[in-house]
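Now for the letters of each chain:
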Amino acid sequence: MNKNYIIRRETKDDYREVENLTREAFWNVYRPGCTEHFVVHVFRDRPEFVPELDLVMELDGKIIGHIMYVRSVINADDGRVIPIMTFGPISIAPEYKRMGYGTALLRYSMEKAKELGAGAIAISGNIDFYGKSGFVVASTKGIHYYAEPRSEVVPYFLVRELVPGYLDGVSGVFREPDGYFVNDADVDEFDAQFPPKPKLKLPGQLV
Ligand SMILES: CC(C)(COP(=O)(O)OP(=O)(O)OC[C@H]1O[C@@H](n2cnc3c(N)ncnc32)[C@H](O)[C@@H]1OP(=O)(O)O)[C@@H](O)C(=O)NCCC(=O)NCCS
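Our subject in this report is the structure included herewith. On a predicted model such as this, the values are computed, not experimentally measured, just so you know.

Moving on, we get to the site of the ligand. Near the ligand, the surroundings consist of 20 residues, among which Tyr 30, Gly 100, Gly 102, Thr 103 and Lys 132 are the closest. Contact between the ligand and Thr 103: an oxygen atom at 2.6 Å from a side-chain N or O atom of the residue. One of the side-chain nitrogen or oxygen atoms of Lys 132 is found 2.6 Å away from an oxygen atom of the ligand. Burial of the ligand by the protein chains amounts to 76% of its free accessible area of 880 Å². Classifying every residue of the shell around the ligand gives 9 nonpolar, 7 polar and 4 charged.

This part is about unusual backbone geometry. The amide bond that connects Gly 88 to the next residue, Pro 89, takes the cis arrangement and shows omega of 0°. Of note in this structure, Asn 28 is not a glycine but carries a positive phi near 65°. Inspection of the secondary structure assignment puts Asn 28 in the loop between α1 (15–26) and α2 (36–43). For Asp 60, which is not a glycine, the phi torsion comes out positive at approximately 50°. Position of Asp 60 relative to the elements: it lies in the loop between β2 (55–59) and β3 (62–76).

Turning our attention to the packing of α1 against α2. Running from N to C, α1 and α2 point in directions that differ by 150°, and their axes come no closer than 7 Å. By the angle between their axes, α1 is roughly antiparallel relative to α2. Handedness of the crossing formed by α1 with α2: right-handed. Seen from α1, the contacting residues are Val 18, Glu 19, Thr 22, Arg 23 and Phe 26; seen from α2, they are Glu 36, His 37, Val 40 and His 41. Of the residues assigned to the contact of α1 with α2, the class counts are 3 nonpolar, 3 polar and 3 charged.

Aromatic ring pairs are defined here through the distance separating the ring centres and the angle between the ring planes. Summed over all chains, the structure comprises 16 aromatic pairs. Ring centres of Tyr 96 and Tyr 101 lie 5.8 Å apart, and the angle between their planes is 80°; this geometry places the pair in the edge-to-face category. Taking relative accessible area as the criterion, Tyr 101 reaches 2% and is therefore assigned buried. Each ring, one from Phe 190 and one from Phe 194, has its centre 5.2 Å from the other, and the planes form 70°; the classification is edge-to-face. We note that Phe 190, like Phe 194, is buried. Each residue in the set Tyr 145, Tyr 146, Tyr 156, Phe 157, Phe 174 and Phe 181 is aromatic and connected to the rest through ring pairs, giving one cluster. One residue, Arg 23, lies across the ring of Trp 27, its end atom 4.7 Å from the ring centre. In this structure, Arg 175 is placed above the aromatic ring of Tyr 146, and the distance from its NZ or CZ to the ring centre is 5.4 Å.

What follows covers the nonpolar core. When a protein is soluble and globular, its nonpolar side chains tend to lie buried together. Membership of the largest hydrophobic core comes to 27 residues, with the highest contact counts inside it found for Tyr 69, Phe 87, Leu 106 and Phe 135. Broken down by secondary-structure element, the contributors of at least two residues to this core are β2, β3, β4 (81–92), α3 (101–115) and β5 (120–124). In this view, Phe 135 contacts Phe 87, Leu 106, Met 110, Ile 121, Ile 123, Ile 127, Tyr 130, Leu 158, Val 159 and Arg 160; residues no more than four positions away in its chain are not counted. Counting 15 residues, the second largest nonpolar core, distinct from the first, contains Ala 122, Ala 138, Ile 143 and Phe 174.

On the surface, Val 29, Tyr 30, Leu 206 and Val 207 cluster together into a nonpolar patch covering about 390 Å² of accessible area. By the secondary structure assignment, Val 29 is in the loop between α1 and α2.

Moving on, we come to the pattern of salt bridges. Inspection of the entire model under this criterion finds 16 salt bridges. For Arg 80, the salt bridge goes to Asp 78, with nearest N and O atoms at 2.9 Å. With its nearest N and O atoms 2.9 Å apart, the salt bridge here joins Asp 178 to Arg 175. Judged by relative accessible area, which is 38%, Arg 175 ranks as partly exposed. One continuous salt-bridge network, built from bridges that share partners, spans Glu 10, Arg 16, Glu 19 and Arg 44.

The rules we used
- Residues numbered from 1 in each chain as written.
- Predicted model: local features only at pLDDT ≥ 70, side-chain atom pairs only at ≥ 80, totals over all residues.
- Heavy atoms only, no water.
- Near = heavy atom within 4 Å.
- Polar contact = N/O pair within 3.5 Å; in protein donor to acceptor, adjacent residues only side chain to side chain.
- Areas by Shrake-Rupley, 256 points an atom, 1.4 Å probe, with all protein chains shown as cover.
- Nonpolar A, V, L, I, M, F, W, Y, C, P; charged D, E, K, R; others polar.
- Helix = DSSP H or I, 4+ residues; strand = E, 2+ residues; numbered from the N terminus.
- Axes fitted to C-alpha atoms, helices over the stretch in contact; angles between N-to-C directions.
- Parallel < 35°, antiparallel > 145°, perpendicular 65-115°, else oblique.
- Left-handed = near helix turned anticlockwise from the far one by under 90°.
- Contact = heavy atoms within 4.5 Å.
- Phe/Tyr/Trp six-rings, centres within 6.5 Å; stacked < 30°, edge-to-face > 60°.
- Buried < 20%, exposed > 50% of the residue type's maximum accessible area, 1.4 Å probe, protein only.
- Lys NZ or Arg CZ within 6 Å of the ring centre and 35° of its normal.
- Core = buried A, V, L, I, M, F, W, Y, C linked by side-chain atoms within 4.5 Å.
- Patch = residues over 30% accessible without salt bridge, like charges linked within 9 Å, V, L, I, M, F, W, Y side chains within 5 Å.
- Salt bridge = Lys/Arg side-chain N within 4 Å of Asp/Glu carboxyl O.

Here it is, written out as C-alpha coordinates:
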(Lines give C-alpha, C1' and ligand atoms only; values in the text may rest on other atoms or scores of the structure.)
Protein backbone atom coordinates (compact mmCIF):
# COMPACT_ATOMS: atom_id res chain seq x y z
CA MET A 1 0.00 0.00 0.00
CA ASN A 2 1.31 3.43 -0.99
CA LYS A 3 0.63 5.78 1.93
CA ASN A 4 0.94 8.91 -0.22
CA TYR A 5 -2.78 8.96 -0.89
CA ILE A 6 -4.91 11.96 -0.03
CA ILE A 7 -8.55 11.92 1.04
CA ARG A 8 -10.58 14.98 0.11
CA ARG A 9 -14.15 16.05 -0.61
CA GLU A 10 -15.60 15.20 -3.98
CA THR A 11 -16.07 18.17 -6.33
CA LYS A 12 -18.41 18.55 -9.32
CA ASP A 13 -15.48 17.88 -11.64
CA ASP A 14 -15.05 14.43 -10.07
CA TYR A 15 -18.66 13.30 -10.55
CA ARG A 16 -18.29 11.23 -13.68
CA GLU A 17 -14.90 9.79 -12.66
CA VAL A 18 -16.40 8.71 -9.31
CA GLU A 19 -19.47 7.18 -10.96
CA ASN A 20 -17.20 5.28 -13.32
CA LEU A 21 -15.01 4.10 -10.43
CA THR A 22 -18.13 2.92 -8.58
CA ARG A 23 -19.29 1.08 -11.69
CA GLU A 24 -15.90 -0.59 -12.13
CA ALA A 25 -15.73 -1.59 -8.44
CA PHE A 26 -19.23 -3.10 -8.28
CA TRP A 27 -19.71 -4.46 -11.79
CA ASN A 28 -20.85 -8.11 -11.68
CA VAL A 29 -19.87 -8.39 -7.98
CA TYR A 30 -23.32 -8.64 -6.35
CA ARG A 31 -25.48 -9.05 -9.47
CA PRO A 32 -24.99 -9.04 -13.24
CA GLY A 33 -23.96 -5.41 -13.87
CA CYS A 34 -24.57 -3.05 -10.93
CA THR A 35 -26.78 -0.21 -9.69
CA GLU A 36 -24.43 1.60 -7.30
CA HIS A 37 -23.09 4.17 -9.78
CA PHE A 38 -26.67 5.33 -10.31
CA VAL A 39 -27.23 5.48 -6.54
CA VAL A 40 -24.23 7.81 -6.24
CA HIS A 41 -25.59 9.89 -9.12
CA VAL A 42 -29.04 10.42 -7.63
CA PHE A 43 -28.03 10.90 -4.01
CA ARG A 44 -25.98 14.04 -4.43
CA ASP A 45 -29.19 16.06 -4.80
CA ARG A 46 -31.07 14.46 -1.93
CA PRO A 47 -31.50 16.28 1.40
CA GLU A 48 -30.16 13.39 3.52
CA PHE A 49 -26.86 13.29 1.59
CA VAL A 50 -23.90 14.52 3.68
CA PRO A 51 -21.63 16.58 1.38
CA GLU A 52 -18.90 16.83 4.06
CA LEU A 53 -18.61 13.04 3.96
CA ASP A 54 -18.64 12.62 0.19
CA LEU A 55 -14.99 11.70 -0.02
CA VAL A 56 -12.56 10.60 -2.68
CA MET A 57 -9.20 8.90 -2.16
CA GLU A 58 -6.59 10.09 -4.62
CA LEU A 59 -3.22 8.53 -5.42
CA ASP A 60 -0.82 10.18 -7.86
CA GLY A 61 -3.63 12.41 -9.13
CA LYS A 62 -5.96 9.50 -9.84
CA ILE A 63 -9.14 8.75 -7.89
CA ILE A 64 -8.84 5.19 -6.56
CA GLY A 65 -11.57 5.24 -3.92
CA HIS A 66 -14.83 6.86 -2.90
CA ILE A 67 -17.31 6.78 -0.02
CA MET A 68 -20.51 8.72 0.64
CA TYR A 69 -22.66 9.06 3.77
CA VAL A 70 -26.36 9.60 4.24
CA ARG A 71 -28.33 10.71 7.29
CA SER A 72 -30.76 8.04 8.39
CA VAL A 73 -32.67 6.88 11.46
CA ILE A 74 -33.52 3.95 13.69
CA ASN A 75 -37.23 3.80 14.45
CA ALA A 76 -37.10 2.71 18.07
CA ASP A 77 -39.73 0.45 19.58
CA ASP A 78 -40.50 3.08 22.23
CA GLY A 79 -41.41 5.63 19.55
CA ARG A 80 -38.15 7.56 19.48
CA VAL A 81 -36.50 8.32 16.16
CA ILE A 82 -32.77 7.92 16.69
CA PRO A 83 -30.62 9.83 14.20
CA ILE A 84 -27.72 7.82 12.81
CA MET A 85 -25.82 7.68 9.53
CA THR A 86 -25.40 5.04 6.91
CA PHE A 87 -22.83 5.01 4.15
CA GLY A 88 -22.32 3.51 0.78
CA PRO A 89 -21.47 2.75 -1.76
CA ILE A 90 -17.81 2.50 -0.81
CA SER A 91 -15.61 1.68 -3.76
CA ILE A 92 -11.96 0.91 -4.33
CA ALA A 93 -10.74 0.64 -7.93
CA PRO A 94 -10.39 -3.06 -8.85
CA GLU A 95 -6.62 -2.89 -9.35
CA TYR A 96 -6.19 -1.44 -5.81
CA LYS A 97 -8.47 -3.85 -3.91
CA ARG A 98 -7.20 -5.86 -0.93
CA MET A 99 -4.23 -3.58 -0.24
CA GLY A 100 -5.67 -1.72 2.73
CA TYR A 101 -7.04 1.34 0.92
CA GLY A 102 -10.69 0.53 1.68
CA THR A 103 -9.96 0.20 5.39
CA ALA A 104 -8.02 3.48 5.40
CA LEU A 105 -10.84 5.33 3.64
CA LEU A 106 -13.49 3.80 5.88
CA ARG A 107 -11.67 4.64 9.12
CA TYR A 108 -10.88 8.21 8.06
CA SER A 109 -14.51 8.78 7.06
CA MET A 110 -15.80 7.37 10.36
CA GLU A 111 -13.64 9.85 12.29
CA LYS A 112 -15.08 12.66 10.19
CA ALA A 113 -18.63 11.34 10.72
CA LYS A 114 -18.04 11.38 14.47
CA GLU A 115 -16.73 14.96 14.26
CA LEU A 116 -19.97 15.87 12.49
CA GLY A 117 -21.94 14.47 15.41
CA ALA A 118 -22.96 11.02 14.18
CA GLY A 119 -23.49 8.64 17.10
CA ALA A 120 -23.72 5.39 15.15
CA ILE A 121 -23.65 3.91 11.66
CA ALA A 122 -25.78 1.10 10.24
CA ILE A 123 -24.99 -0.64 6.96
CA SER A 124 -25.53 -3.80 4.97
CA GLY A 125 -22.18 -5.39 4.18
CA ASN A 126 -19.65 -8.13 4.68
CA ILE A 127 -18.58 -8.64 8.31
CA ASP A 128 -15.22 -9.97 7.06
CA PHE A 129 -14.36 -6.47 5.89
CA TYR A 130 -16.34 -4.27 8.30
CA GLY A 131 -15.74 -6.39 11.40
CA LYS A 132 -12.09 -5.29 11.25
CA SER A 133 -13.24 -1.70 11.73
CA GLY A 134 -15.48 -2.27 14.72
CA PHE A 135 -18.81 -3.21 13.13
CA VAL A 136 -20.95 -5.89 14.78
CA VAL A 137 -24.04 -7.77 13.71
CA ALA A 138 -26.82 -5.26 14.44
CA SER A 139 -29.26 -7.69 16.04
CA THR A 140 -26.75 -8.20 18.87
CA LYS A 141 -27.42 -4.53 19.73
CA GLY A 142 -31.19 -4.86 19.31
CA ILE A 143 -31.28 -3.15 15.92
CA HIS A 144 -33.17 -5.03 13.21
CA TYR A 145 -33.32 -4.84 9.46
CA TYR A 146 -36.75 -3.91 8.13
CA ALA A 147 -36.73 -6.60 5.43
CA GLU A 148 -35.99 -9.57 7.69
CA PRO A 149 -37.92 -11.20 10.55
CA ARG A 150 -36.70 -10.14 13.98
CA SER A 151 -36.19 -13.73 14.98
CA GLU A 152 -33.43 -14.07 12.35
CA VAL A 153 -29.81 -13.21 12.96
CA VAL A 154 -29.03 -11.17 9.85
CA PRO A 155 -25.28 -11.57 9.40
CA TYR A 156 -24.94 -8.84 6.78
CA PHE A 157 -26.77 -6.08 8.68
CA LEU A 158 -24.19 -4.31 10.81
CA VAL A 159 -23.85 -1.40 13.20
CA ARG A 160 -20.96 0.55 14.67
CA GLU A 161 -21.27 3.00 17.52
CA LEU A 162 -19.15 6.11 17.01
CA VAL A 163 -20.10 7.40 20.44
CA PRO A 164 -19.74 4.54 22.93
CA GLY A 165 -23.12 3.68 24.46
CA TYR A 166 -25.10 5.60 21.83
CA LEU A 167 -27.32 2.57 21.18
CA ASP A 168 -27.64 1.52 24.82
CA GLY A 169 -31.30 1.04 25.64
CA VAL A 170 -32.32 1.33 22.00
CA SER A 171 -34.13 -1.45 20.19
CA GLY A 172 -35.73 -0.82 16.86
CA VAL A 173 -35.72 -1.08 13.10
CA PHE A 174 -33.61 0.37 10.33
CA ARG A 175 -34.44 0.84 6.68
CA GLU A 176 -32.13 2.50 4.18
CA PRO A 177 -33.29 5.95 3.05
CA ASP A 178 -35.39 5.97 -0.15
CA GLY A 179 -32.52 7.05 -2.40
CA TYR A 180 -31.00 3.57 -2.13
CA PHE A 181 -34.01 2.00 -3.82
CA VAL A 182 -33.59 2.54 -7.54
CA ASN A 183 -35.42 0.89 -10.39
CA ASP A 184 -33.70 -1.21 -13.02
CA ALA A 185 -35.03 0.73 -16.01
CA ASP A 186 -33.57 4.00 -14.63
CA VAL A 187 -30.25 2.27 -13.95
CA ASP A 188 -30.11 0.86 -17.49
CA GLU A 189 -30.87 4.24 -19.01
CA PHE A 190 -28.11 5.85 -16.93
CA ASP A 191 -25.68 3.02 -17.58
CA ALA A 192 -26.01 3.54 -21.35
CA GLN A 193 -23.93 6.73 -20.87
CA PHE A 194 -20.90 4.59 -19.95
CA PRO A 195 -18.72 2.33 -22.14
CA PRO A 196 -20.50 -0.99 -22.74
CA LYS A 197 -19.62 -3.79 -20.32
CA PRO A 198 -21.04 -7.32 -20.37
CA LYS A 199 -23.42 -8.19 -17.54
CA LEU A 200 -22.43 -11.65 -16.32
CA LYS A 201 -24.18 -14.08 -14.02
CA LEU A 202 -21.39 -15.26 -11.71
CA PRO A 203 -21.17 -17.51 -8.65
CA GLY A 204 -21.42 -15.65 -5.33
CA GLN A 205 -23.70 -12.89 -6.57
CA LEU A 206 -26.63 -12.03 -4.31
CA VAL A 207 -29.24 -11.33 -7.01
C1 LIG B 1 -15.10 -3.80 -0.24
C2 LIG B 1 -13.95 -2.83 -0.56
C3 LIG B 1 -14.41 -1.40 -0.35
C4 LIG B 1 -12.83 -3.15 0.43
O5 LIG B 1 -11.73 -2.32 0.18
P6 LIG B 1 -10.28 -2.97 0.02
O7 LIG B 1 -9.30 -1.88 -0.11
O8 LIG B 1 -10.35 -3.97 -1.09
O9 LIG B 1 -10.16 -3.74 1.39
P10 LIG B 1 -8.90 -3.82 2.39
O11 LIG B 1 -7.66 -4.15 1.65
O12 LIG B 1 -8.86 -2.60 3.24
O13 LIG B 1 -9.40 -5.10 3.22
C14 LIG B 1 -9.04 -5.36 4.52
C15 LIG B 1 -9.57 -6.73 4.91
O16 LIG B 1 -10.98 -6.77 4.80
C17 LIG B 1 -11.38 -8.07 4.30
N18 LIG B 1 -12.01 -7.90 2.98
C19 LIG B 1 -11.84 -6.90 2.08
N20 LIG B 1 -12.63 -7.08 1.01
C21 LIG B 1 -13.30 -8.22 1.22
C22 LIG B 1 -14.26 -8.94 0.48
N23 LIG B 1 -14.70 -8.50 -0.72
N24 LIG B 1 -14.73 -10.10 0.98
C25 LIG B 1 -14.29 -10.54 2.18
N26 LIG B 1 -13.37 -9.89 2.94
C27 LIG B 1 -12.89 -8.75 2.47
C28 LIG B 1 -10.14 -8.89 4.20
O29 LIG B 1 -9.99 -9.57 5.43
C30 LIG B 1 -9.08 -7.84 4.03
O31 LIG B 1 -7.84 -8.28 4.48
P32 LIG B 1 -6.93 -9.26 3.56
O33 LIG B 1 -6.90 -8.67 2.16
O34 LIG B 1 -5.61 -9.21 4.26
O35 LIG B 1 -7.60 -10.60 3.59
C36 LIG B 1 -13.41 -3.00 -2.01
O37 LIG B 1 -12.88 -4.29 -2.17
C38 LIG B 1 -14.46 -2.78 -3.08
O39 LIG B 1 -14.58 -1.69 -3.62
N40 LIG B 1 -15.22 -3.85 -3.43
C41 LIG B 1 -16.27 -3.78 -4.45
C42 LIG B 1 -17.41 -2.94 -4.00
C43 LIG B 1 -17.94 -3.38 -2.65
O44 LIG B 1 -18.17 -4.56 -2.40
N45 LIG B 1 -18.17 -2.39 -1.76
C46 LIG B 1 -18.68 -2.65 -0.42
C47 LIG B 1 -20.12 -2.96 -0.45
S48 LIG B 1 -20.76 -3.25 1.17
